[in-house]
Every structure is written in structure tokens, then in C-alpha cells.
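# Residue-level structure breakdown
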Amino acid sequence: MTPQPFSQLETTFLPLFSQFLTSRGETAEHSTHAAHLVLPLIVAGFAKTATQPQHATTLTEWFTDSLLSDTTTDSATLIAWGKPRLPILLGGNAADVAAELAQQSQLSKTTAGALLALAVPLVFRTLRPLANQRPALLAQLSQQYTWLNQQLNPAMLTALGIGNLYGLMHQLNSMARVV
């Protein structure tokens, strides 16, 4: 049976993200809202990037990084790993996504960017069991439409550069069947 990593994301990381944000001086309410948005943002960015053949090797290399095996890594190291990967993962829209996350959750832009960078390696660590099963990974991604559609409003999808979320999920599903 294929692992269901997406069901683990919110349960596993929402408390961590909220704590990270409150430790940076953000209010509990704003922290909770941002924590709920960041995971679908990273997953949607990953879904978009996974449909682009020029990034297949890059994504595979990210999954093999030894940092993803170390569950004791501190947040500064995780952020340092995630930050340079955001422009690729978010299709060059990292600044727009950080600005939209900051606006919607009332965080500072710097904190929103740090949260995005922190979320990248944690999401990749969770998806890592599927890394060598590309069709299964793409199929799992394609099944996230309802969750992503509920979490990401049109302004956030625009910031991500996703014009049609349903079309993106359909493309992933088609790729999963061909790969």
C-alpha cells in the first residue's frame, strides 16, 4: 500500500510552525493562520514544479539530500536549506508568495519568507518515502485538489502562478499514469 504522506503534514507540522512564529514575536492568531497556509503553498508549488520536466532531476536531487534524513536539524539549518530552493519550487514567484502569505496572515514579510523556507525541507522529508516511486508521488499530489482548493484563495494561487488548480491536478494525474 502506498504511504499517505499528505495526511501527516498538518498534524505533524502545524504546532511546530505556530511555535516557530510565536517565538519570532508573531501573535498566536496570526501564527496559526500562517501555519495553515504554508503547507498547501509548498505542496502546490511542488505540484507545479513536478509538472515541469526540466526540474525532474533537481527535485530528485533534493530528495536525496542527507539533511532530510536528520530529524534533529534546527530551524536555522532547515531555513538555510529551504531558502535557495524556494525560487525553483515556487516557479520564480517566491517573493510574491511570501508577500501574499504575509498579507493574508498579517506576518512580516521577512517572517513569512522564513516560514516558507522552513516548510520546504519538512514537506520534502515527509514526501521522501515516495521519492523513488514517481508515479505514486504524482498520483498522491494529484489527489490534493480539494485540500489545496479549500486552503488557497485566488490571490494566493495567482501569487503561485497557478491559473487553474484543477488543470494542474489533472496534468499530474495524467503524468502519473504515463511515467
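The structure under discussion appears in the preceding block.
Residues numbered from 1 in each chain as written. Predicted model: local features only at pLDDT ≥ 70, side-chain atom pairs only at ≥ 80, totals over all residues. Heavy atoms only, no water.

### Examining the overall build of the protein chain
- Across its full length, the protein chain carries 11 helices and zero strands.
- The secondary structure elements of the protein chain, listed N-terminal to C-terminal, are α-α-α-α-α-α-α-α-α-α-α.
- Relative to a compact globule of 179 residues, whose C-alpha radius of gyration would be 16 Å, the protein chain shows 15 Å and is just as compact.
- Each principal axis of the C-alpha distribution contributes one length, and for the protein chain these read about 45 × 35 × 30 Å.
- The buried share among the 179 residues of the protein chain stands at 51%.
- Contacts spanning at least 24 positions in sequence make up 79% of the contacts within the protein chain whose residues lie at least 6 apart.
- Carbon together with sulfur atoms contributes 53% to the accessible area of the protein chain, which is approximately 8,200 Å² in total.
- Side-chain charges of the protein chain comprise 9 positive and 9 negative groups, with the mean position of each set lying 8 Å from the other. (Helix = DSSP H or I, 4+ residues; strand = E, 2+ residues; numbered from the N terminus. Rg over C-alpha atoms; globule rule 2.2 N^0.38 Å. Buried < 20%, exposed > 50% of the residue type's maximum accessible area, 1.4 Å probe, protein only. Contact = heavy atoms within 4.5 Å. Areas by Shrake-Rupley, 256 points an atom, 1.4 Å probe, with all protein chains shown as cover. Lys, Arg positive; Asp, Glu negative; His and termini not counted. Charge placed at Lys NZ, Arg CZ, Asp CG, Glu CD.)

### A look at unusual backbone geometry
- Even without being a glycine, Gln106 presents a positive backbone phi close to 60 degrees.
- Relative to the assigned elements, Gln106 resides in the loop between helix H6 (94-105) and helix H7 (109-127).

### Some words on the environment of Ala35
- One can find Ala35 in helix H2 (residues 28-50).
- The spatial distance from the C-alpha of Ala35 to the C-alpha of Leu67 is 22 Å, given a sequence separation of 32 residues.
- In this view, Ala35 contacts Leu14, Phe17, Ser18, Leu21 and Leu115; residues no more than four positions away in its chain are not counted.

### What about helix H4 (residues 75-82)?
- Turning to H4, its buried residues number three or more, namely Leu78, Ile79, Trp81 and Gly82. Buried positions in H4, seen along its axis, are confined to an arc of 160 degrees and lie on one side of it. What points out from H4, more than 90 degrees from its buried face, is the exposed set Ala76 and Ala80.
- If you check the start of H4, you find a side-chain oxygen 3.1 Å away from the backbone N of Ala76, and it comes from Asp74. (Arc of directions from axis to C-beta. Polar contact = N/O pair within 3.5 Å; in protein donor to acceptor, adjacent residues only side chain to side chain.)

### Some remarks on H2
- Counted at 1.5 Å a residue, the expected span for H2 with its 23 residues is 33 Å, and the 33 Å between its end C-alpha atoms agrees.
- Most of H2 is tucked away: 18 of the 23 residues are buried. (Expected span 1.5 Å × (residues − 1).)

### Some remarks on the environment of Leu59
- Mapped onto the fold, Leu59 is located in helix H3 (residues 56-64).
- Overall, Leu59 belongs to the buried group, its relative accessible area being 4%.
- For the pair formed by Leu59 and Phe124, sequence separation is 65 residues and the distance between their alpha carbons is 9.3 Å.
- Residue contacts for Leu59: discarding those within four places in its chain leaves Phe46, Thr49, Ala50 and Phe124.

### Considerations on the packing of H4 against H7
- The geometry of H4 relative to H7 is characterised by a closest axis approach of 7 Å and an angle of 90 degrees between their N-to-C directions. Looking at the two axes, H4 sits roughly perpendicular to H7. Along the contact surface, H4 presents Ser75, Leu78, Ile79, Trp81 and Gly82, while H7 presents Ala114, Ala117, Leu118, Val120, Pro121, Leu122 and Arg125.
- By residue class, the composition of the contact of H4 with H7 is nine nonpolar, two polar and one charged. (Axes fitted to C-alpha atoms, helices over the stretch in contact; angles between N-to-C directions. Parallel < 35°, antiparallel > 145°, perpendicular 65-115°, else oblique. Nonpolar A, V, L, I, M, F, W, Y, C, P; charged D, E, K, R; others polar.)

### Concerning the environment of Thr158
- Structurally, Thr158 is set in helix H10 (residues 154-160).
- Measuring from C-alpha to C-alpha, the distance between Thr158 and Leu101 comes to 12 Å, with 57 residues separating the pair along the chain.

### Section: the packing of aromatic side chains
- Taken as a whole and judged by the stated rule, the model has eight aromatic pairs.
- Taking the centre distance of 5.4 Å and the plane angle of 65 degrees together, the rings of Trp62 and Phe124 count as edge-to-face. One end of the pair, Trp62, is in helix H3; the other, Phe124, is in helix H7, with 62 residues separating them in the sequence.
- The cationic tip of Arg85 hangs over the ring face of Trp81; the distance from NZ or CZ to the ring centre is 3.8 Å. (Phe/Tyr/Trp six-rings, centres within 6.5 Å; stacked < 30°, edge-to-face > 60°. Lys NZ or Arg CZ within 6 Å of the ring centre and 35° of its normal.)

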